[in-house]
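Chains, contacts and geometry: an overview
Residue-level listing of the chains:
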Amino acid sequence: MNDLLDTTTTAGTSTPTDAIGTSAAQLRSAELEKRIRHEPGRFRVLTGDRPTGPLHLGHYFGTLHNRVRLQDLGVEGFLIIADYQVLTDRDVAERLVEYVEGLVLDYLAIGIDPDRTTIFTHSAIPALNQLLLPFLSLVSVAELNRNPTVKDEIAHSRQAAVSGLMFTYPAHQAADILFCKGNLVPVGQDQLPHVELTRSIARRFNDRYPTDGRPVFPVPDALLSAAPLLLGTDGTKMSKSRGNAIPLGASADETARLIRAARTDADRHITYDPVARPGVAGLVLLAALCQGRDPHEVAEEIGAAGAAALKRTVTEAVNEFLAPIRARRAEFARDPEQVRRVLRAGNERANAVADETLREVRTAMRSMY
Ligand code: TRP
């Protein structure tokens, strides 16, 4: 979701960004932050993840903590587990149930409260999926073809052919957002083209199918998180598919092992220089984020003690930071029935909301027979 932190899970995705679009989005986000603090009740957040593996620290600092923050500010949340999206760049969704349940565990562990945030899977919401049909009629093939994030995903896909689902998934994502009339979408830069398409679809639907009263759809805003670049243990973007990530649910020993194997460089003196020394800087930043400190200060403190000392500091910082999250995760994991209950309740609520929206859509389209 953030172009700096891999929350999409496509192998090797380098993210297309548009400097002008991004800075406009950043300004808009700052303005939105103010309005959210004043009137959290006017917003409904929709965001989500593809269930392709366990969530990691890159996700946490990139977007997860932001979701919890918005929830705790009093914004109503919808959290989609995008199981159909898994099929955009692969033929079969393997280990899907395990990954879906793992995501629910991760969400609960970091403080998502299922009473305030509806957690659901989109394959379980027929009316959401039906919205895709009128939405597809509102977008052109050229428009779908231009989407820079999809282009990038196609370029990095290991698939021989581009599926229709890959090509159209941004319109499907518009249905994810609009089915619940979400008006706030906290995402990273790589998702901005999808939110832009969602805005076009909402406007075009409202124009083409006017109602007597309020238009059917809000025009949602993206909310960019101010996440810093978080690198994986090999000095490149932290990503599930690169095997360089530290999962939230990893044990303290696994974490120590991952960090011990991290790539550093030959310069013994530790500094924080993300451009010249990405490996070392990545580790420093990880410790700094976990301790809520400035990375320059962390680097200075280690200084001449070298990479081994740095790795010890990072391991301790990460393990200390994740200890309460892991404890909660383990507690929830002991009761698998609870995870299923959370999903069942979330799906039930999402279905009620989707049914109502589809009814409004069909009324506006005059197709209520
Ligand atoms: N495309 C998002 C990702 O890869 C996941 C997602 C699906 C999503 N539907 C969404 C994000 C709707 C925001 C809004 O991470």
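Preceding this section is the structure that the text describes.
Residues numbered from 1 in each chain as written. Predicted model: local features only at pLDDT ≥ 70, side-chain atom pairs only at ≥ 80, totals over all residues. Heavy atoms only, no water.

All right, on to the overall build of the protein chain then. The number of helices and strands found in the protein chain is 14 helices and 5 strands. Here the C-alpha radius of gyration of the protein chain, 21 Å, is about what a compact globule of 369 residues would show, namely 21 Å. Counting only C-alpha atoms, the protein chain reaches 75 × 45 × 45 Å along its principal axes. Here the protein chain holds 369 residues, and the buried ones make up 55% of them. Counting contacts in the protein chain only where the partners sit at least 6 residues apart, residues at least 24 apart contribute 79% of the total. Surface exposure of the protein chain reaches about 16,400 Å², of which carbon and sulfur atoms provide 53%. Between the centroid of the 43 positive side chains of the protein chain and the centroid of its 46 negative side chains there is a distance of 2 Å. (Helix = DSSP H or I, 4+ residues; strand = E, 2+ residues; numbered from the N terminus. Rg over C-alpha atoms; globule rule 2.2 N^0.38 Å. Buried < 20%, exposed > 50% of the residue type's maximum accessible area, 1.4 Å probe, protein only. Contact = heavy atoms within 4.5 Å. Areas by Shrake-Rupley, 256 points an atom, 1.4 Å probe, with all protein chains shown as cover. Lys, Arg positive; Asp, Glu negative; His and termini not counted. Charge placed at Lys NZ, Arg CZ, Asp CG, Glu CD.)

Before going further, it helps to spend a moment on the pattern of salt bridges. For the structure shown, the criterion picks out 25 salt bridges. The salt bridge involving R28 is made with D221; its shortest N-O contact spans 2.7 Å. Here D221 lies in strand β5 (residues 221-224) and R28 lies in helix α1 (residues 19-38), a separation of 193 residues in the sequence. Look at D221 and you get buried, because its relative accessible area is 10%. Between R69 and E33 there is a salt bridge; the shortest N-O distance is 2.7 Å. Placement of R69 in helix α2 (residues 57-73) and of E33 in helix α1 is noted, with a sequence separation of 36 residues between them. Through salt bridges with shared partners, a single ionic network connects R28, E31, R199 and D221. (Salt bridge = Lys/Arg side-chain N within 4 Å of Asp/Glu carboxyl O.)

In total, this model carries 9 aromatic pairs according to the counting rule given. Centre to centre, the rings of F78 and F179 are 5.9 Å apart; their planes meet at 85 degrees, and the pair counts as edge-to-face. Taken together, the residues F78 in strand β2 (residues 76-81) and F179 in the loop between α8 (164-178) and β4 (184-187) connect sequence positions 101 residues apart. For the pair formed by F78 and F179, the shared burial category is buried. One aromatic cluster is present, built from ring pairs that chain together F135, F205, Y209 and F217. Across from the ring centre of Y169, 5.0 Å away, lies the NZ or CZ of R50, which sits over that ring. (Phe/Tyr/Trp six-rings, centres within 6.5 Å; stacked < 30°, edge-to-face > 60°. Lys NZ or Arg CZ within 6 Å of the ring centre and 35° of its normal.)

Here we take up the nonpolar core. Counting residues in hydrophobic clusters, the biggest one holds 50 residues, and the most contacted among them are L57, Y107, I119 and V318. Elements supplying a minimum of two residues to this core: α2, β2, α3 (96-110), α11 (278-291), α12 (295-302), α13 (306-333) and α14 (336-364). The element contributing the most residues to this core is α11, with 9 residues. Counting 40 residues, the second largest nonpolar core, distinct from the first, contains A127, V187, Y209 and A354. (Core = buried A, V, L, I, M, F, W, Y, C linked by side-chain atoms within 4.5 Å.)

Turning our attention to the site of the ligand. Residues in contact with the ligand amount to 16 residues; listed here are only the nearest, R50, Q85, Q173, D176 and Q191. In this structure, an oxygen atom belonging to the ligand sits 3.1 Å away from a side-chain N or O atom of R50. Between the ligand and the protein, one listed contact pairs a nitrogen atom with a side-chain N or O atom of Q191 at 3.1 Å. Look at the ligand: alone it shows 370 Å² of surface, and the protein chains cover 100% of it. Sorting the residues of the shell around the ligand by element identifies β1 (44-49), α8 and β4 as the ones contributing at least two each. Taken together, the residues of the shell around the ligand break down into 7 nonpolar, 7 polar and 2 charged. (Near = heavy atom within 4 Å. Polar contact = N/O pair within 3.5 Å; in protein donor to acceptor, adjacent residues only side chain to side chain. Nonpolar A, V, L, I, M, F, W, Y, C, P; charged D, E, K, R; others polar.)

With that out of the way, let us pick up the side chain of T118. For T118, the location among the structural elements is in strand β3 (residues 117-121). Aside from chain neighbours lying at most four places away, what touches T118 is G77, F78, L79, G346, R349 and A350.

The next subject is the packing of α2 against α13. With their axes 13 Å apart at the nearest point, α2 and α13 run at an angle of 75 degrees to one another. Between α2 and α13, the interaxial angle falls into the category roughly perpendicular. The segment α2 lies against α13, with L57, Y60 and F61 engaging V318, F321, L322 and I325. Here the contact of α2 with α13 is composed, by residue class, of 7 nonpolar, no polar and no charged. (Axes fitted to C-alpha atoms, helices over the stretch in contact; angles between N-to-C directions. Parallel < 35°, antiparallel > 145°, perpendicular 65-115°, else oblique.)

This brings us to unusual backbone geometry. Although it is not a glycine, R95 sits at a positive phi angle of roughly 55 degrees. In this structure, K181 is a non-glycine residue whose phi angle is positive, near 55 degrees. Its location among the elements puts K181 in the loop between α8 and β4.

Let's shift gears to helix α10 (residues 252-260). Along α10, the positions that sit buried rather than exposed are T255, A256 and I259. For α10, the arc enclosing every buried residue in end-on projection is 100 degrees, short of the 170-degree limit, so these residues lie on one face. Across from the buried face of α10, at angles greater than 90 degrees, the exposed residues are D253 and R257. Against the buried residues of α10 lie α11 and α13. (Arc of directions from axis to C-beta.)

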